[in-house]
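# Report on the structure
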Amino acid sequence: IYYNGFALQYKVSNKANHVILLYMYEIEIKAHVLNRTELIKTLQPFADYAGAVERFDTYYGKEIHGKKVQVRIRKQSSFTPSELPDAPQTEQQNQVIFTYKRKEVRTDGKHSLEVNDEQECLLTDAVPFETFLADTGFEQILTKHKTVIDWHYNGVTLELCTIEKLGDFLELEIMSETNDEKQVQQTNEKLLKILNRCGISEDQIEKRYYSEMLNSL
């Protein structure tokens, strides 16, 4: 869940009927994958499989008060990947998600990672919101097709992503309560260690957003 620019995680206590909200930032790195079969073999022994989804993203943009604003409508469905024959069968679930993301790339000259501030909500139907965007001057600027296989390890989400026209990537993502420099640096070091454990070198890290890469084709 996302609220007021922060990713939210929540926990419900059935006994007291209390909801506890934790405000979190998404910090991630992504890297090119040269051999997905070998990567899957490397991930399986130490990371926990968490599911797979197929995503169709449409991006809309408009200039507001001299600033370019971009939003996304995502249509996604779950599936069971054929590459993991022992994975539990997944009942297909379809979702429509609206996202507004404030993006920031931080770099120390050698390493680069994303520190994203997102707002999201679920939509029961994309059509009314697509109509609203068109009527208020937003233009469709990009589409992206992405399949994702998820694993979890030590508080980190590992996503093996296939982006149509771009190829395979591994995304490492962690949720942080703060985005101060010290916390970001510690998180970056943790992500780099896991990347190395996956057999991927740091020179395979991709600093550009997928949208930049697609627009450059």
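Per chain, residue numbering runs from 1 following the sequence as it is written. Only residues with pLDDT of 70 or above have their local features reported here, since the model is predicted, and side-chain atom pairs are shown and tallied only from 80 upward, although totals for entire chains, interfaces and linings are computed over all residues. Water and hydrogen atoms play no part in the side-chain values, which are based on all heavy atoms of the structure.

### Thoughts on the overall build of the protein chain
What counts here: Numbering of helices and strands starts at the N terminus; helices are DSSP runs of H or I of at least 4 residues and strands are runs of E of at least 2. Accessible surface is estimated by sampling points in the Shrake-Rupley manner with a 1.4 Å probe; for residues, cover comes only from the protein chains shown.
Assigned secondary structure in the protein chain consists of 4 helices and 11 strands. When the accessible surface of the protein chain is split by element, carbon and sulfur atoms take 48% of a total near 12,600 Å².

### Section: the pairing of strand S5 (residues 67-78)
Taken residue by residue, a regular strand's side chains alternate between the two faces of the sheet. Test applied: Note on pairing: two strands pair once DSSP finds at least 2 bridges between them.
Relative to S5, strand S4 (residues 48-64) runs antiparallel, the two being bridged by 12 bridges. Along S5, the bridge assignment pairs Phe-56 with Lys-75. Where S4 folds back onto S5 in an antiparallel hairpin, the turn is made up of 2 residues, including His-65, whose phi is positive at roughly 55°. Here S5 runs beside strand S6 (residues 94-102); their pairing, made up of 7 bridges, is antiparallel. Bridge assignment links Arg-72 to a residue of S6, and that residue is Thr-99.

### Quick notes on the environment of Val-148
As a reminder, the rule being used: A contact between two residues is defined here by any heavy atoms of the two lying within 4.5 Å.
Here Val-148 shows up in strand S9 (residues 139-153). Sequence separation of Val-148 and Thr-162 is 14 residues, and the distance between their C-alpha atoms is 6.6 Å. Beyond its immediate sequence surroundings of up to four residues, Val-148 is in contact with Gly-51, Ala-52, Val-53, Arg-55, Phe-79, Glu-159, Leu-160 and Cys-161.

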